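One-letter residues, chain by chain:
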Amino acid sequence: MTTKPINPTDTTETDQPTTPCGPLKKTPPPTHAFEMRFTSTPRGARLARRLAAVRLDEWGIPYGTDPHDAIVLIVAELAVNAVQHGHVPGRDFHLGLNATPDGRTVRVEVTDTRTESHPRRPTAPEETDGTGETGRGLLLVSRLATRWDWHPRSDGPGKTVWAEYMLRSPYPLVTRVIE
């Protein structure tokens, strides 16, 4: 039986078990979630994309597959938009990446702190010759994601733009145990 001291400074052992007695609760299925803040710079957007790619691979959505590449592109576009259009000096952006326990849906959320700039529903640029280098980020997201939208940030100024990618068949999401 494992024992612990009553007083943290007292090293004498007692007969108190460190584990609770009684029936063990069922643990919920493992959830796959990744959250991190990044500097609102091009470098922060690149790092967000790279870490999302690594995390998806760890979860069992391997590099080089269509779902992996599509989700990483969604992360890249939303992160770049947060840097270019949602940047407030001295404020970071937040990336959230979540996979449902059944492995069918991955949700990407990017939160910035700019309140007055809201994303618009993209339309195909009909009047341009198509050679411009900007202006297609949300169009790509709308084509790749099953659905996407935005909502005001709940814990401060700004907004969260989110997109969900539905996998055709569920990936066996891997849970790695670190010992």
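## Some remarks on the environment of Pro 152
Its place among the elements puts Pro 152 in strand E4 (residues 147-152). Between the alpha carbons of Pro 152 and Asp 112 there is a distance of 9.9 Å; along the sequence they are 40 residues apart. In contact with Pro 152, other than residues within four places in its own chain, are Gly 158 and Lys 159.

## Digging into the packing of aromatic side chains
Inspection of every chain in the model, using the stated rule, returns 1 aromatic pair. Each ring, one from Phe 38 and one from Phe 93, has its centre 5.6 Å from the other, and the planes form 25°; the classification is stacked. Linking Phe 38 in strand E1 (residues 32-38) with Phe 93 in strand E2 (residues 93-99), this pair joins segments that are 55 residues apart in sequence. Here Phe 38 matches Phe 93 in class, with each residue buried. The ring of Trp 162 carries Arg 107 above its face, with NZ or CZ at 4.2 Å from the centroid.

## Here we look at the sheet that holds E2
A sheet is described by the order of its strands in space; here 5 strands give the open sequence E1-E2-E3-E5-E4, paired in antiparallel fashion. What marks the edges here is a single partner per strand, and that holds for E1 and E4. Each neighbouring strand pair of the sheet contributes to a mean axis angle of 15°, computed without reference to strand direction. Here E2 pairs with strand E3 (residues 105-112) via 6 bridges, running antiparallel. Note on E3: the bridge partner recorded for Gly 96 is Glu 109. Packed on one face of the sheet, helix H2 (residues 66-85) meets E2, E3 and strand E5 (159-166) and runs near 10° to E3.

## Overview of the nonpolar core
Ranked by internal contacts, the top residues of the largest apolar core, which has 33 residues, are Leu 56, Leu 78, Phe 93, Leu 95, Leu 97, Val 106 and Val 108. Within the residue set of this core, elements represented by two or more residues are E1, helix H1 (42-58), H2, E2, E3, helix H3 (137-144) and E5. By residue number, the principal contributor to this core is H2, which donates 9 residues. Excluding residues that lie within four positions of it along the chain, Val 108 makes contacts with Ile 71, Ile 74, Val 75, Leu 78, Leu 95, Gly 96, Leu 97, Val 161, Trp 162 and Ala 163.

## A closer look at the side chain of Thr 113
Note on placement: Thr 113 falls in the loop between E3 and H3. Thr 113 has contacts with Gly 86, Val 88, Arg 91, Asp 92, Arg 153, Pro 157 and Gly 158, leaving out every residue within four places of it along the chain.

## Section: H1
In this model, H1 (17 residues) spans 25 Å end to end at C-alpha, consistent with the 24 Å of a helix rising 1.5 Å per residue. Within H1, burial applies to Gly 44, Ala 45, Ala 48, Ala 52, Ala 53 and Leu 56. Positioned one or two residues after H1, Gly 60 has a phi angle of 105°, which is positive.

## Re the packing of H1 against H2
Running from amino to carboxyl end, H1 crosses H2 at an angle of 155°, the nearest separation of the two axes being 9 Å. Between H1 and H2, the angle falls in the class roughly antiparallel. The chirality of how H1 crosses H2 is right-handed. The segment H1 lies against H2, with Pro 42, Ala 45, Ala 48, Arg 49, Ala 52, Ala 53, Leu 56 and Asp 57 engaging His 68, Ile 71, Val 72, Val 75, Ala 76, Ala 79, Val 80 and Val 83.

## Concerning the side chain of Thr 65
Relative to the assigned elements, Thr 65 resides in the loop between H1 and H2. On the basis of relative accessible area, Thr 65 is assigned to the buried category, the value being 18%. Reaching out from Thr 65, the side chain makes a polar contact with the backbone oxygen of Pro 62 at a distance of 2.7 Å.

Rules behind the numbers
Residues numbered from 1 in each chain as written. Predicted model: local features only at pLDDT ≥ 70, side-chain atom pairs only at ≥ 80, totals over all residues. Heavy atoms only, no water. Helix = DSSP H or I, 4+ residues; strand = E, 2+ residues; numbered from the N terminus. Contact = heavy atoms within 4.5 Å. Phe/Tyr/Trp six-rings, centres within 6.5 Å; stacked < 30°, edge-to-face > 60°. Buried < 20%, exposed > 50% of the residue type's maximum accessible area, 1.4 Å probe, protein only. Lys NZ or Arg CZ within 6 Å of the ring centre and 35° of its normal. Pairing = 2+ DSSP bridges. Axes fitted to C-alpha atoms, helices over the stretch in contact; angles between N-to-C directions. Core = buried A, V, L, I, M, F, W, Y, C linked by side-chain atoms within 4.5 Å. Expected span 1.5 Å × (residues − 1). Parallel < 35°, antiparallel > 145°, perpendicular 65-115°, else oblique. Left-handed = near helix turned anticlockwise from the far one by under 90°. Polar contact = N/O pair within 3.5 Å; in protein donor to acceptor, adjacent residues only side chain to side chain.

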